[in-house]
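What follows is each chain in one-letter form.
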Amino acid sequence: NATGSNDFKLRIWGDKAMTFLPSSIRYLKAKMGEVAIELRHDKKLQRLSCDIGQLPNMVDLDIGDCDSFTTLPWTLGRLHPTCKVCTNSYRHPQTVEEMQPQFKDSRQRFISGLAKLSILSSKKKAKVIHELYKPGGKGYKRAREHFETAVSDMNAEQGG
């Protein structure tokens, strides 16, 4: 690759305090050419921000020797297919295209979990509404009082 004047390489080596790459990383896409990020010997780095997937101009992501780093965010699958990724788990650089099955599985599990959560939430909501408005419940009593007040007001207007 020829290096253009707007190309950017971010190297962070041996940062003892950084536990995650901040979400402001997404601002690197503005008015920049190719972006390369290299994180090395960062013993506390645990995760990357999901916003890293918003860098369509990323060509290289190297996360080597970050011992506490465990998983890649599924948004990495949004990067350019030829972007090279190197981590502790994948010693030789792989392209995002080669890693797509991993990201698709992760996204699928995420979406499946959201669907299950939505169903559980709907069931819980229906149960709460049923308990609230069953005869003798607080909601039932309030609704009956409101109805009786409205009927008496309407009768008073018609009678007067």
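For the structure itself, consult the block above.
About the cut-offs
- Residues numbered from 1 in each chain as written.
- Predicted model: local features only at pLDDT ≥ 70, side-chain atom pairs only at ≥ 80, totals over all residues.
- Heavy atoms only, no water.
- Core = buried A, V, L, I, M, F, W, Y, C linked by side-chain atoms within 4.5 Å.
- Buried < 20%, exposed > 50% of the residue type's maximum accessible area, 1.4 Å probe, protein only.
- Helix = DSSP H or I, 4+ residues; strand = E, 2+ residues; numbered from the N terminus.
- Contact = heavy atoms within 4.5 Å.
- Patch = residues over 30% accessible without salt bridge, like charges linked within 9 Å, V, L, I, M, F, W, Y side chains within 5 Å.
- Areas by Shrake-Rupley, 256 points an atom, 1.4 Å probe, with all protein chains shown as cover.
- Salt bridge = Lys/Arg side-chain N within 4 Å of Asp/Glu carboxyl O.
- Expected span 1.5 Å × (residues − 1).
- Pairing = 2+ DSSP bridges.

Thoughts on the nonpolar core
Moving on, step 1. One finds Ile-37, Leu-39, Ile-52 and Leu-61 to be the most contacted residues of the largest nonpolar core, which totals 23 residues.
Moving on, step 2. Secondary structure elements with two or more residues in this core: strand E2 (35–40), strand E3 (58–64) and helix H1 (96–133).
Moving on, step 3. Here Ile-37 is in contact with Leu-10, Ile-25, Leu-28, Ile-52, Leu-55, Met-58, Asp-60, Leu-61 and Asp-62, once residues within four sequence places are set aside.

Brief notes about a nonpolar patch on the surface
Moving on, step 1. Together, Phe-110, Ile-111, Leu-114 and Leu-117 line one region of the surface with nonpolar side chains, adding up to about 390 Å² of accessible area.
Moving on, step 2. Examined against the element boundaries, Leu-117 turns out to sit in helix H1.

Looking at H1
Moving on, step 1. Over its 38 residues, H1 runs 53 Å from end to end, which matches the ideal 56 Å to within 8%, given 1.5 Å per residue.
Moving on, step 2. What H1 keeps buried is the set Val-96, Met-99, Gln-100 and Phe-103.
Moving on, step 3. If you follow the buried residues of H1, they end up packed against strand E4 (84–87) and strand E5 (94–95).

Some details on the sheet that holds E2
Moving on, step 1. Strand order across the open sheet formed by five strands is E1-E2-E3-E4-E5, with mixed pairing between neighbours. Because the sheet does not close on itself, it has two edges, and the strands there are strand E1 (8–13) and E5.
Moving on, step 2. Across six bridges, E1 lies against E2 in parallel orientation. Its bridge partner being in E2, Lys-9 is matched across the sheet by Ala-36.

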